[in-house]
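Fold and geometry: a report
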Amino acid sequence: MNQIPALVRVFAYLSLLTVGGGMAAFPEMKILTVEVHKWLTFPQLIHLYSVGQMAPGPNMMMIVAIGQWAGGILGALAVLVAFFGPTALLAFLVARLWKKLERWPWRTSIQQGLAPVSIGLLLAGCFTMAKGAIFGLETAAIAVGVLLILLQYKINPALLVLAGAVLGVLSFMPQ
Amino acid sequence: MSDVANPALGAAVSAGPVVAQASIGQIFLEFLIIGATSFGGVVPYLRGSLVTKRHWVNDKEFVEMLSISQSLPGLNATNMAVLVGEKLHGALGSLAAIFGICLPGAVLMYIVGIFYRIHGDHIWITAALKGVAAAAVGLILSTVVGLSKKSLAGKFDFIFIALTVIAVNRLHQSVPRTLIGVGLLAILFHRPRNKRKESVAQ
């Protein structure tokens, strides 16, 4: 079955939901990629997203892996274009318009209004992910630990995610 | 260092960007380097490269572009690439920048995806991934806290955050419906108040 058209549709749609960050699209991504199209399981989605946090560059590159699983190299390319194309075009058009809108009083209103909504969407995405990622004391402790360290110290988050891997091995390896 | 050697250049740096234009190749290469080295979040690397090293944008422009990137759909990293690329070299500049910043991570995650598919159920790897996923949850929460400190305009905004979370997680509303519904409410709440009379008077 050719999955390319479905991949393009799903990821072009998801890209428009990433207001504030990739996590904002996570609840919808779970529904579409896991429940509707069954390209991967929920734990796999969580794992790919989390591993993607250690990769350099834009932090949603895990979508490439979903595209590859569902449609090989063409699937990966289709997903990339679908996910980054529409928002890139929008940013490009806005870049041209923005200067002209400088005096438009609603510009500030839109920015101030979208700020709390985008934060809420990130938080909602985070809760969706936590339902699959946090179970029991060890995982809760790792999440809270990372949060507190990041709030307190200037440390590279990728290192903490890596430390999470080590703690995961220590906590969950069968003896 | 070269800035110190040339006082005229140093003065220009503080006033604004010295180089308003860059070749497509330069743009691609610079963003490729950012894309390959920006572990743990792109924004500090963008600033270090575009503002401090290249002087392609000044600090004020950078902050403004970042706030545009944040209010638009799309990732900060790619939106910033498009905005800076556009400023330096128009549409081709945008294309070069977004290709550059995406390429290394995309190739890496392509390989990781194949590897994970084959070895993902190895006990070592599942154990490690449980820890990685938990750490990622903590990381996202810290992003939420950081953004709240930086970009909220008042206490009332916490109500809009709560409404958004309840709509998505409890009432199972779709993200676009929530975005439009709560978004409109929040924009109306932050509507321009005193300037409105001016526009009526015009």
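Residues numbered from 1 in each chain as written. Chains lettered and ligands numbered in written order. Predicted model: local features only at pLDDT ≥ 70, side-chain atom pairs only at ≥ 80, totals over all residues. Heavy atoms only, no water.

If you tally the helices and strands in chain A, you get seven helices and zero strands. Listed N to C, the secondary structure of chain A is α-α-α-α-α-α-α in terms of helices and strands. Across its three principal directions, the C-alpha atoms of chain A cover 65 × 50 × 25 Å. Looking at chain A residue by residue over its 175 residues, the buried ones come to 58%. In chain A, 55% of the contacts between residues at least 6 apart in sequence involve partners at least 24 apart. Carbon and sulfur atoms make up 69% of the accessible area of chain A, which totals about 7,600 Å². (Helix = DSSP H or I, 4+ residues; strand = E, 2+ residues; numbered from the N terminus. Buried < 20%, exposed > 50% of the residue type's maximum accessible area, 1.4 Å probe, protein only. Contact = heavy atoms within 4.5 Å. Areas by Shrake-Rupley, 256 points an atom, 1.4 Å probe, with all protein chains shown as cover.)

Turning to helix α8 (residues 157-170) of chain B, a few remarks are in order. The end-to-end C-alpha distance of α8 of chain B is 19 Å, a good match for the 20 Å that 14 residues give at a rise of 1.5 Å each. Buried residues along α8 of chain B sit against α2 (26-36) and α5 (106-133) of chain A together with α7 (123-151) and α9 (175-189) of chain B. (Expected span 1.5 Å × (residues − 1).)

Next up on the list: the nonpolar core. Formed by 102 residues in total, the largest nonpolar core has its most connected members in F11 and M62 of chain A together with F31 of chain B. Counting residues per element, this core draws most heavily on helix α4 (residues 62-98) of chain A, which supplies 19 residues. If we skip the residues at most four places from it in the chain, M62 of chain A touches M29, L45, L48 and Y49 of chain A together with M109 of chain B. In this structure, V146, V161, V169 and M173 of chain A belong to the second largest nonpolar core, which totals 15 residues. (Core = buried A, V, L, I, M, F, W, Y, C linked by side-chain atoms within 4.5 Å.)

All names here are of chain B. Applying the stated criterion across every chain yields a total of six salt bridges over all chains. K53 is the partner of E30 in a salt bridge, and the nearest nitrogen-oxygen pair spans 2.9 Å. Residue E30 is located in helix α3 (residues 24-37), and its partner K53 is located in helix α4 (residues 43-53); the two are separated by 23 residues in the primary sequence. Judged by relative accessible area, which is 1%, E30 ranks as buried. Among the salt bridges present, the one from R47 reaches D59, with a minimum N-O distance of 2.9 Å. With a gap of 12 residues between them, R47 in helix α4 and D59 in helix α5 (residues 59-71) connect regions that are remote in the sequence. A relative accessible area of 33% means that R47 is categorised as partly exposed. Exposure remark for D59: the relative accessible area of 41% places this residue in the partly exposed category. Three or more residues are tied together by salt bridges with common partners; here these are E30, K53 and R54. (Salt bridge = Lys/Arg side-chain N within 4 Å of Asp/Glu carboxyl O.)

With that settled, consider the confidence of the model for chain A. A low pLDDT means the predicted coordinates there should not be read in detail. Predicted confidence across chain A gives a mean pLDDT of 91, with 99% of residues reaching 70 or more. Of all helices and strands in chain A, the one with the weakest mean pLDDT is α5 of chain A (89), whereas helix α1 (residues 4-15) of chain A scores best (96). (pLDDT = per-residue confidence, 0-100.)

What follows concerns the environment of V84 of chain B. All names here are of chain B. Positionally, V84 belongs in helix α6 (residues 76-119). Since its relative accessible area comes to 0%, V84 is described here as buried. Residues V84 and V165, spaced 81 residues apart in sequence, show a C-alpha to C-alpha distance of 32 Å.

This paragraph deals with the packing of α5 of chain A against α9 of chain B. Two elements in contact, α5 of chain A and α9 of chain B, have axes whose closest approach is 8 Å; the angle formed by their N-to-C orientations is 135°. With respect to α9 of chain B, the axis of α5 of chain A lies oblique. Where α5 of chain A crosses over α9 of chain B, the handedness of that crossing is right-handed. Listed contacts from α9 of chain B to W106, S109, I110, G113, L114, V117 and L121 of chain A of α5 of chain A are V175, L179, V182, G183, A186, I187 and L188 of chain B. Taken together, the residues of the contact of α5 of chain A with α9 of chain B sort by class into 11 nonpolar, three polar and no charged. (Axes fitted to C-alpha atoms, helices over the stretch in contact; angles between N-to-C directions. Parallel < 35°, antiparallel > 145°, perpendicular 65-115°, else oblique. Left-handed = near helix turned anticlockwise from the far one by under 90°. Nonpolar A, V, L, I, M, F, W, Y, C, P; charged D, E, K, R; others polar.)

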